[in-house]
Amino acid sequence: MTDYELPPGAKWREFELRALGFRSFARVRADAPLDPFRLAKFANLLVLDFDQIKGLSVKTREHLLGSASEAWSGGACSRPLPDGRKIVILNPQHGRLRTNATLMEEISHVFLGHQPNRLHIVAEDERGRAISRDYRKADEEAAYGIGAAALVPYSSLRRSVLKGQTAFQIARHFRVSRELVEYRLKVTRLWRTYRAAHPVREKD
Ligand SMILES: [Zn+2]
């Protein structure tokens with residue numbers, strides 16, 4: 001039985017324990033990256049390629065992938081298919097690192113038993129933070145926070161920081177964006193230790 005290290009704060013401890021549960025369910029080693037596309041099947045999610053969506057006009061398609069591309073990351077249809085699976089569509093313009101976090105959030109909602117009302121949309125506000133509709137605010141925070149913890153677990157993150165790794169190196173290892181690693185450093189209160197070792201913002 002591994003004695004896991006947990007971050008400070010009751011809420012983040014609870015989030016970490018849930019996230020570790022997701023990781024053991026996916027049978028991923030403590031320091032290994034988690035592939036949400038593999039986990040999606042266990043969550044009964046069917047990830048559809050954007051090109052598989054029929055009936056979109058050329059104009060709508062261009063809008064969603066062009067000028068409006070930054071306004072959406074992905075969405076899940078709340079009404080399941082006859083076989084029980086739920087459809088998830090991810091923005092193909094966002095690249096694998098951002099997509100991993102978006103899909104992980106959708107998986108969290110399922111594993112945490114959250115009930116959406118309609119179509120679940122994940123978007124980003126003008127400061128680049130994820131904003132979503134149709135789940136309760138507390139559910140959104142839990143799904144995003146636990147999903148991020150599953151992708152970048154605390155004990156491994158802490159060890160990487162103490163070894164002097166940069167957020168960029170950690171992000172590359174876990175196949176997530178540097179922003180997601182920085183978010184994890186802040187919520188787990190490793191940020192000051194990290195910043196002491198890396199006072200200048202490194203280029204990526
Ligand atoms: Zn959400």
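You'll find the structure just up there.
This one's a predicted model, so the numbers in the text were calculated from it and none came from an experiment.

Packing of helix α6 (residues 154–162) against helix α8 (residues 178–187) brings their axes to within 11 Å, and their N-to-C directions diverge by 95 degrees. With respect to α8, the element α6 is oriented roughly perpendicular. Across the interface between the two elements, Tyr 154, Leu 157 and Val 161 of α6 pack against Val 181, Arg 184 and Leu 185 of α8. Residue composition of the contact of α6 with α8, by class: 5 nonpolar, no polar and 1 charged.

Turning next to the nonpolar core. One finds Met 104, Ile 107, Val 176 and Val 181 to be the most contacted residues of the largest nonpolar core, which totals 41 residues. Only α1 (10–25), α2 (36–42), β3 (86–90), α4 (95–111), α5 (137–151), α6, α7 (167–174) and α8 provide two or more residues apiece to this core. Considering each element in turn, this core owes the most residues, 6 residues, to α5. If we skip the residues at most four places from it in the chain, Val 176 touches Leu 97, Leu 151, Val 152, Ala 171 and Val 181.

Side chains Lys 86, Val 88 and Leu 90 project from β3 onto a buried face, and the interleaved Ile 87 and Ile 89 project onto a face without burial. Relative to β3, strand β1 (residues 45–48) is paired through 4 bridges, and the arrangement is parallel. Across the sheet, the residue bridging to Leu 45 is Lys 86, located in β3. Direction of pairing for strand β2 (residues 74–76) relative to β3: antiparallel, over a ladder of 3 bridges. Bridging across to β3, Ala 76 finds its partner in Val 88.

Reading the values: the criteria
Residues numbered from 1 in each chain as written. Predicted model: local features only at pLDDT ≥ 70, side-chain atom pairs only at ≥ 80, totals over all residues. Heavy atoms only, no water. Axes fitted to C-alpha atoms, helices over the stretch in contact; angles between N-to-C directions. Helix = DSSP H or I, 4+ residues; strand = E, 2+ residues; numbered from the N terminus. Parallel < 35°, antiparallel > 145°, perpendicular 65-115°, else oblique. Contact = heavy atoms within 4.5 Å. Nonpolar A, V, L, I, M, F, W, Y, C, P; charged D, E, K, R; others polar. Core = buried A, V, L, I, M, F, W, Y, C linked by side-chain atoms within 4.5 Å. Buried < 20%, exposed > 50% of the residue type's maximum accessible area, 1.4 Å probe, protein only. Pairing = 2+ DSSP bridges.

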